[in-house]
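# Understanding the architecture of this molecule
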Amino acid sequence: MSNKVKNMRSLLLILFSAISLSVSAQTITVKGNVKDTSGEPVIGASVVEKGNTTNGTITDLDGNFSIKVDGKKTLVISYIGMKTQEVAVQGRKTINVQMVDDSKALDEVVVIGYGTVNKRDLTGSVASVSAKDLAAIPVASASEALTGKLAGVSVTTTEGSPDADIKIRVRGGGSLSQDNSPLYIVDGFPVSSISDIAPSEIQSIDVLKDASSTAIYGARGANGVIIITTKSGKEGKTQVDFGASFGFKQVTKLTEVLSPYDFVAYQREIGSLDYGNFADMDIWRSIDGTDYQDEMFGRTGNQQQYNINVSGGTKQMTYSVSYAHNEEKSIMLNSGFKKDNVNAKIKSELNFNARLSYSTIDGLGGGADTNESNAANSTVANATVFRPVDSLKYSDDDEENSSAQQKSPLERLLATDKTRNTFNQNYNVGLNWKPFKNWTFRSEFGYGWKFDDTEQYWGVDAVSNSKYGYNGQPQAYLLREKTMSWRNANTLTYDNKKLFKGRDKLNVLIGHEVSSSQRKSIENVSVAFPVTMNFDDMKANMGSGKALANQSTIAAKENILSFFGRVNYTMMDKYLLAVTVRADGSSKFGSGNRWGVFPSAALAWRISDEAFMSNTQDWLSALKLR
């Protein structure tokens, strides 16, 4: 073999080896794990090849990832609220990463009226709760999720029924005679309640507490503003999240009630002779009485929750679709509820958001029942004061004895059937347009529709205190209520973060909003059903009762027209000014008194950024005078 041929073979072998090495380098499978500083896995962290965003993956439930990449490339690992890291592969097949919190990212943005602002640039009082805080304890509604998590915000339940009204007060009540509830804003759309929102759907909750921050909402923000932002999709591969929880509920403490002996002694004190002679009082010490609280609230309830979310998207569009189911068997007999929530959100230049919820609530409330004359007659209120033992004169055949006619709370509870179905829909469409640099125009339209269907039936034992009369005969009550609302808002924003060569920042917002809502309802009451009828018989034969006059309501439309504006100016990143004004016109008032103007101005000084405070940076993170 000639030297020329040998040299050619050697060259080919070298070339093939180089090609082989090159191909091998391009197909390295890199596996690794991503954890935070506490050693917990970071779920859903983005792992992408630098310079090639089409080649990427996300970490699983254990923080693990696997990606095929050129051995000479660099991986970019990122996660919201943590510092982005770049790691050179350098031929390694295993890479473990520890991510650290990015305090600037965590503290970056809070939602305020018709926009967002850096938290360090706030001049008003705003408190926030993140999705991470809400996920810590499984609860049934967004209202419950706020309990104990925000300074200056109190959350109380009016009573213990599944559909109990939850009262939220921001910095206490401001009126003795009017409603003190805050204004609720969900994804920009005002709503009457946030109890129908699944906590698993919430990304953040921001509460505007003082006059400076709430002035952009005018009169409606007088009691504070609670702004809820639901979860949106993130750029990257499709991500599926599933969560489930199951828990038990039980009464921890009941109100102490009188024993049979103490109750009889009390009856003697008020002059009743229904429980025998005074000389026979000791007999009642050996009698077992009935604690109706324990009978009505003594069972062990349970609560189960399931939620699933599918999200993802590209730079041009992100999407998120979620479903949540919440079901509870309550501790009170014959009570419980089911709730289903669907939330869909698409974000691009044209945004779309749809929220639907359907709930079924069984059982009585803790206040006055629908057919009772006052709260003192309610089933729950009587559970603590009703006689623990029957009198000596009690007889099932004694119709003239008032004690015989009085039914126990347990009998009334078991003789009542109540179901409330609520279907709520909210749709919101928004368009973003940037005609010039630093200028953004946004137009959004929202529509809401709510249907409330309540049915309640009383058997013979439950109508003793009826406000409708016809005592001793079954009754039925039906309520159909519908509320419709719509809203249109248009805003123009100028945002310049490099004013005077980057020394100052200026944000100017002007806007216009119009909204309208109307409620319609009809009530049907039927009494004097045959005493032999049970609940199913009444539902199937409504004509067997005596129909009382229907009551219908077509409320006047509530129209609001508003104009508003806001200027935020930051000088040298230390001196802050916010000026807000809003003018509201409402159809609720007379023609000469429909308009109100609500101005606000606020100043703030970030003292911790001054040069003379430089020695405090080791122990003082931020100090602001507002």
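Residues numbered from 1 in each chain as written. Predicted model: local features only at pLDDT ≥ 70, side-chain atom pairs only at ≥ 80, totals over all residues. Heavy atoms only, no water.

### So, the pairing of strand β23 (residues 439–458)
- Here strand β22 (residues 416–433) runs beside β23; their pairing, made up of 18 bridges, is antiparallel. Across the sheet, Asp 417 pairs through a bridge with Tyr 457, a residue of β23.
- Between the end of β22 and the start of β23, which pair antiparallel, lie 5 residues, with Asn 438 showing a positive phi angle near 75°.
- Note: β23 against strand β24 (residues 475–499), 20 bridges, orientation antiparallel. Within β24, the position partnered with Tyr 447 by the bridge is Trp 486. (Pairing = 2+ DSSP bridges. Helix = DSSP H or I, 4+ residues; strand = E, 2+ residues; numbered from the N terminus.)

### What to know about the sheet that holds strand β15 (residues 202–208)
- Taken in spatial order, the 5 strands make up an open sheet running β10-β15-β16-β13-β14, and their pairing is mixed. The open sheet has two edge strands with one neighbour each: β10 (126–130) and β14 (189–191). Adjacent strand axes in the sheet meet at a mean angle of 25° when their direction is disregarded. (Axes fitted to C-alpha atoms, helices over the stretch in contact; angles between N-to-C directions.)

### Quick word on unusual backbone geometry
- Even without being glycine, Phe 500 reaches a positive phi, approximately 50°.
- Relative to the helices and strands, Phe 500 is located in the loop between β24 and β25 (504–527).
- Phi at Lys 501 takes a positive value of approximately 60°, unusual for a residue other than glycine.
- When you line up the elements, Lys 501 lands in the loop between β24 and β25.

### Some thoughts on helix α6 (residues 260–269)
- Among all positions of α6, only Pro 260, Phe 263, Val 264 and Gln 267 are buried. The buried residues of α6 all sit within an arc of 95° when viewed along its axis, so they share a single face.
- After α6 finishes, the residue Gly 271 shows a positive phi value of roughly 95°. (Buried < 20%, exposed > 50% of the residue type's maximum accessible area, 1.4 Å probe, protein only. Arc of directions from axis to C-beta.)

### Thoughts on a nonpolar patch on the surface
- Residues Val 240, Phe 242, Tyr 306, Ile 308, Tyr 323 and Val 342 make up a contiguous nonpolar surface patch of about 550 Å² in total accessible area.
- Mapped onto the nonpolar patch, the elements with two or more residues apiece are β17 (236–249) and β18 (301–313).
- Checked against the element boundaries, Tyr 306 lands in strand β18. (Patch = residues over 30% accessible without salt bridge, like charges linked within 9 Å, V, L, I, M, F, W, Y side chains within 5 Å. Areas by Shrake-Rupley, 256 points an atom, 1.4 Å probe, with all protein chains shown as cover. Salt bridge = Lys/Arg side-chain N within 4 Å of Asp/Glu carboxyl O.)

### Notes on the nonpolar core
- Membership of the largest hydrophobic core comes to 24 residues, with the highest contact counts inside it found for Leu 146, Ile 168, Ile 194, Ile 205, Ile 226 and Ile 228.
- Every element with two or more residues in this core is listed here: β10, α4 (142–145), β11 (153–157), β12 (166–170), β13 (183–186), β14, β15 and β16 (225–230).
- If sequence neighbours within four positions are ignored, Ile 168 has contacts with Ser 143, Leu 146, Val 153, Ser 154, Val 155, Asn 180, Ser 181, Pro 182, Tyr 184, Ile 194 and Ile 226.
- One finds Val 30, Val 42, Ile 77 and Val 97 within the second-largest nonpolar core, a separate group that totals 17 residues. (Core = buried A, V, L, I, M, F, W, Y, C linked by side-chain atoms within 4.5 Å. Contact = heavy atoms within 4.5 Å.)

### Quick word on the environment of Gly 44
- Among the secondary structure elements, Gly 44 is positioned in the loop between β1 (28–35) and β2 (46–49).
- Apart from the residues within four sequence positions on either side, Gly 44 is in contact with Ile 58, Thr 59, Tyr 79 and Gln 239.

### As for the packing of aromatic side chains
- Inspection of the entire model under this criterion finds 12 aromatic pairs.
- Ring geometry for Trp 439 against Tyr 494: centres 4.9 Å apart, planes inclined by 50°, an arrangement best described as tilted. Taken together, the residues span a long stretch of sequence, with Trp 439 in strand β23 and Tyr 494 in strand β24 at a distance of 55 residues.
- What makes Tyr 494 buried here is its relative accessible area of 19%.
- Among the aromatic residues, those joined into a ring-pair cluster are Tyr 358, Phe 423, Trp 449 and Phe 451.
- The ring centre of Tyr 261 lies 3.8 Å from the NZ or CZ of Arg 285, which sits over that ring. (Phe/Tyr/Trp six-rings, centres within 6.5 Å; stacked < 30°, edge-to-face > 60°. Lys NZ or Arg CZ within 6 Å of the ring centre and 35° of its normal.)

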